[in-house]
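Summary of structural features
Spelled out, the chains give:
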Amino acid sequence: MSRWFLLLTIIVTIRFGPNSFSQTRPSNYKTPLQSGPMVGYSDMREVMLWAQTKQPAKVQIRYHETDKPGVSHLTNEVQTNRQTAFTAHLLADQVEPGKKYTYELLIEGQKVSLPYPTQFQTQPLWQWRTDPPTFHFGVGSCTYVNEPEVDRPGTPYGGGYEIFTALAAQKPDFMLWTGDNTYTREADWNSRSGVLRRYTHTRSLPEMQPLLAATHNYAIWDDHDYGPDDSDRSYWLKEVTLDAFKLFWANPNFIFPESCAGTFTWNDCQFFMLDDRTFRAPDKMPDGPNKAYFADKQLQWLLDALTFSKATFKFIVTGGQIVNPTKSFENYAIYGTERDRLFTSITEAKIPGVLFLTGDRHHSILHKLDRPGTYPLYDLTISPLTSGPSKPLADELKLPTYVDGTLVTDRNFGLLNVSGPCLTGC
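What this report covers is the structure whose coordinates are included nearby. Residue numbers here run from 1 along each chain, matching the order of that chain's written sequence. In keeping with the model being predicted, local features are shown solely for residues with a pLDDT of at least 70 and side-chain atom pairs are shown and tallied solely at 80 or more, while totals for entire chains, interfaces and linings include all residues. With hydrogens and water stripped out, all remaining heavy atoms of the structure feed into the side-chain values.

1. Quick word on the nonpolar core
When a protein is soluble and globular, its nonpolar side chains tend to lie buried together. Buried residues of nine kinds, namely Ala, Val, Leu, Ile, Met, Phe, Trp, Tyr and Cys, make up a nonpolar core once their side-chain atoms join them within 4.5 Å. Exposure categories follow from relative accessible area, calculated using a 1.4 Å probe and restricted to protein chains: below 20% of the type maximum is buried, above 50% is exposed, and the middle band is partly exposed. Core analysis: the largest hydrophobic core is formed by 58 residues, its most contacted members being Phe137, Phe174, Leu176, Trp177, Phe271, Phe315 and Leu357. Put simply, DSSP marks the helices as runs of H or I at least four residues long and the strands as runs of E at least two long, and each gets a number from the N terminus on. Counting residues per element, this core draws most heavily on helix H5 (residues 238–248), which supplies 6 residues. Within the second largest apolar cluster, 29 residues are counted, among which are Ala281, Leu306, Tyr332 and Ile334.

Dropping the structure here:
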């Protein structure tokens with residue numbers, strides 16, 4: 001029996017009214033914590049954690065193996081400051097592979113009491129010892145948190161924040177945030193102050209905190225957390241939004257200094273987090289070899305990394321739809337020359353186990369591209385988490401790539417499960 005994954009274990013649909021979220025807390029509620037703590041990347045020898053304070057403060061995390069409470073360790077201590085939006089990246093580097101840990105947040109040396117679990121895990125050393133362990137992970141995109149003062153007038157666009165409670169209840173090993181993880185508005189995207197304020201506003205959503213505190217989180221951006229709607233390489237403040245992205249997320253690496261692209265592994269799977277904005281030519285530019293989407297150097301890195309990878313499954317994670325052939329919205333099909341190049345290169349290099357995870361479209365759907373003589377390419381789009389849902393074009397449901405019965409047009413998230421014995425070479 002070969003290792004396999006259940007492509008769509010669960011799509012949880014949340015149906016709530018268009019509730020408006022207020023960032024205010026009760027007047028008698030006082031804490032130096034603005035948002036978090038959040039669990040970032042996990043590896044065998046270290047785990048990154050994150051927190052944000054309301055004002056300058058010394059921040060640290062104390063942690064211990066869950067079944068060994070008598071032996072605790074401390075992360076580095078960080079002094080938060082206004083220039084970095086009072087954020088802190090805290091490295092737990094006294095850990096062992098395959099362990100579960102409980103932690104507590106210290107601000108100015110005092111424990112911050114939180115009404116939900118604060119836990120993390122290290123990845124196990126299974127290679128040459130056992131089959132890769134079973135794991136499951138969450139996927140979602142498009143998180144809009146209402147702020148009436150700067151939102152468009154009318155019915156609130158965001159809502160259903162309880163979806164994060166439902167997601168946390170599934171206890172995924174990690175969460176993939178596949179773009180539009182916050183929505184910059186007109187008041188935000190022309191200044192560093194506006195960008196950092198928007199990232200802070202979204203991250204401070206109360207319903208999100210339990211998920212952040214006990215689930216590892218990895219992210220890639222799309223247009224709204226990169227800049228204005230449908231923004232491309234011409235966006236004038238992309239260095240600022242990249243800085244904000246790095247301040248508010250805790251990914252393990254960044255392949256290019258000007259981009260949020262990166263990669264990570266979880267057991268025998270590798271995730272390739274692609275940046276579909278930094279190098280992107282305008283959507284309206286005529287198609288041809290000079291119309292870049294991922295662009296040459298990112299594509300070359302991706303193909304090299306896919307070829308080198310020994311992972312059973314190679315998940316390519318990015319904001320916009322890849323397999324859908326519809327030449328509208330912001331689908332990769334608008335960049336047909338580069339899209340053909342990517343598909344042809346994957347086929348010619350005989351790279352096994354490639355799948356796409358995407359967002360952006362405000363509905364969830366599965367597309368499947370059959371390829372003669374080899375396996376099909378799947379593109380699972382999961383969207384939205386809390387943004388306003390929308391439907392695909394009627395013609396998109398008639399496409400040969402559409403997998404019948406997979407369309408979800410309510411707020412939702414995906415949960416994917418990977419299990420079974422190793423294929424070969426583990």
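2. Digging into the pairing of strand E13 (residues 216–220)
The side chains of a regular strand alternate, residue by residue, between the two faces of the sheet. The buried count for E13 comes to 5 of 5 residues, which makes it a mostly enclosed element. Covered by surrounding structure in E13 are His216, Tyr218 and Ile220 together with Asn217 and Ala219, the residues of both alternating faces. Here, strands pair whenever DSSP counts at least two bridges between them. As defined by bridge partners, strand E12 (residues 174–178) adjoins E13 across 5 bridges and the pair is classed as parallel. Paired with tryptophan 177 across the two strands is alanine 219, which belongs to E13.

3. Description of the environment of glutamine 110
With respect to the helices, strands and loops of the structure, glutamine 110 is situated in strand E9 (residues 110–111). Residue glutamine 110 is classed as exposed on the basis of its relative accessible area, which comes to 56%. For the pair formed by glutamine 110 and valine 59, sequence separation is 51 residues and the distance between their alpha carbons is 9.3 Å.

4. Remarks on the packing of helix H2 (residues 192–203) against H5
Axis lines are fitted through C-alpha atoms, for helices just across the contact stretch, and the angle between N-to-C directions can take any value from 0 to 180 degrees. Look at H2 against H5: their axes get within 10 Å of each other, and the N-to-C directions meet at 30°. Comparing their axes, H5 and H2 come out roughly parallel. When the axes of H2 and H5 are compared, the crossing they make is right-handed. Residues Arg192, Val195, Leu196, Tyr199, Thr200 and Arg203 of H2 pack against Val240, Thr241, Asp243, Ala244, Phe245, Leu247 and Phe248 of H5. By the convention adopted, Pro, Cys, Tyr, Trp, Phe, Met, Ile, Leu, Val and Ala count as nonpolar, Lys, Arg, Asp and Glu as charged, and the other residues, Gly among them, as polar. The class makeup of the residues in the contact of H2 with H5 is 8 nonpolar, 2 polar and 3 charged. Every angle not falling under 35 degrees, over 145, or within 65 to 115 is termed oblique; those three ranges are roughly parallel, roughly antiparallel and roughly perpendicular. Two helices that cross are described as forming a left-handed crossing if the nearer one is turned anticlockwise from the farther one by less than a right angle, and a right-handed crossing if clockwise. A contact between two residues is defined here by any heavy atoms of the two lying within 4.5 Å.

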